Amino acid sequence: MNNRHFAIIALGSNLDNPVQQIRSALDALSSHPDIQLQKTSSLYATVPVGYDDQPDFVNAVCAVSTDMDGISLLSVLNRIEADFGRKRSFINAPRTLDLDIIDFDGIFSDDPHLTLPHPRAHERSFVMRPLAEILPDFILGKHGKAAELSGKLGDQGIHLLTDK
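Residues numbered from 1 in each chain as written. Predicted model: local features only at pLDDT ≥ 70, side-chain atom pairs only at ≥ 80, totals over all residues. Heavy atoms only, no water.

Asker: Can you break down the pattern of salt bridges residue by residue, with the values?
Answerer: Tallied over the full model, the rule gives three salt bridges. Between R4 and D67 there is a salt bridge, and its shortest N-O distance comes to 2.8 Å. With R4 in the segment before β1 (5–13) and D67 in the loop between β4 (57–66) and α2 (70–83), the pair connects residues that are 63 residues apart, well separated along the chain. On the basis of relative accessible area, R4 is assigned to the partly exposed category, the value being 32%. D155 is paired through a salt bridge with R129; the nearest N and O atoms lie 2.5 Å apart. Linking D155 in the loop between α4 (146–153) and β10 (158–162) with R129 in helix α3 (residues 125–134), this pair joins segments that are 26 residues apart in sequence. (Salt bridge = Lys/Arg side-chain N within 4 Å of Asp/Glu carboxyl O. Helix = DSSP H or I, 4+ residues; strand = E, 2+ residues; numbered from the N terminus. Buried < 20%, exposed > 50% of the residue type's maximum accessible area, 1.4 Å probe, protein only.)

Below you can see the structure in the form of structure tokens.
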């Protein structure tokens, strides 16, 4: 019996060398025994959203397969964030690392701990552009294909920083 699950994870950082934070977070994900990285986007520089008085972000998206359920995967992501010094001082605050599950097996969930698909991902170029880069035909919930959503959103202060 195959219990593999497929998830999309968004990564972001704007403190303490964000490029290195994202690369190290991808290493942490790939070294976890229950997570296999399938695809990883390039890195993108993004202006802050929601709280402007902070440094620009570095963002990326990865696709993973895992034997864990969504809540267990979220727990691992929260532990990695904590290991990287993540502090949750206020909404949209600067952060060393942010790891969000954008989609998990195409499941729809209103669970307060894990809402799926991520409720604002389709509105954010810093998620949709990297997702469109690695999986242009990925359908995000009821919103449509990643490439189409990215195209509709436009730049929104995002630009390619580095190829993987």
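Back to the text.
Asker: Describe unusual backbone geometry, and please don't skip the residues or the numbers.
Answerer: Following L116, the chain continues to P117 via a peptide bond in cis, the omega torsion being -15°. Within the secondary structure, P117 is located in the loop between β7 (115–116) and α3. With phi around 55°, D16 is a residue other than glycine that occupies positive phi space. Locating D16 in the fold gives a position in the loop between β1 and α1 (18–31). One non-glycine residue, D105, adopts positive backbone phi at about 55°. Mapping D105 onto the fold places it in the loop between β5 (98–104) and β6 (109–110). Overall, D105 belongs to the partly exposed group, its relative accessible area being 36%.

Asker: Before we move on, could you go through the packing of aromatic side chains and cite the residues and values that matter?
Answerer: Tallied over the full model, the rule gives one aromatic pair. Taking 6.4 Å as the distance between ring centres and 40° as the angle between the ring planes, the aromatic pair formed by F6 and F138 counts as tilted. Of this pair, F6 sits in strand β1 while F138 sits in the loop between α3 and β8 (139–140), placing them 132 residues apart in sequence. Residue classification places F6 among the partly exposed positions, given a relative accessible area of 30%. For F138, a relative accessible area of 13% corresponds to the buried category. (Phe/Tyr/Trp six-rings, centres within 6.5 Å; stacked < 30°, edge-to-face > 60°.)

Asker: So what's going on with the nonpolar core? Which residues, and what values?
Answerer: By size, the foremost hydrophobic cluster in this structure holds 26 residues, and its most contacted members are I9, L11, I22, L29, L73, L99 and I101. For this core, the secondary-structure elements that each account for two or more residues are β1, α1, β4, α2 and β5. For this core, the element with the highest residue contribution is α2, accounting for five residues. With near-sequence residues (within four places) excluded, I9 lies in contact with L29, A60, V61, C62, V64, L73, L77, L99, D100 and I102. Membership of the second largest hydrophobic core comes to 20 residues, among which are V61, F126, L131 and F138. (Core = buried A, V, L, I, M, F, W, Y, C linked by side-chain atoms within 4.5 Å. Contact = heavy atoms within 4.5 Å.)

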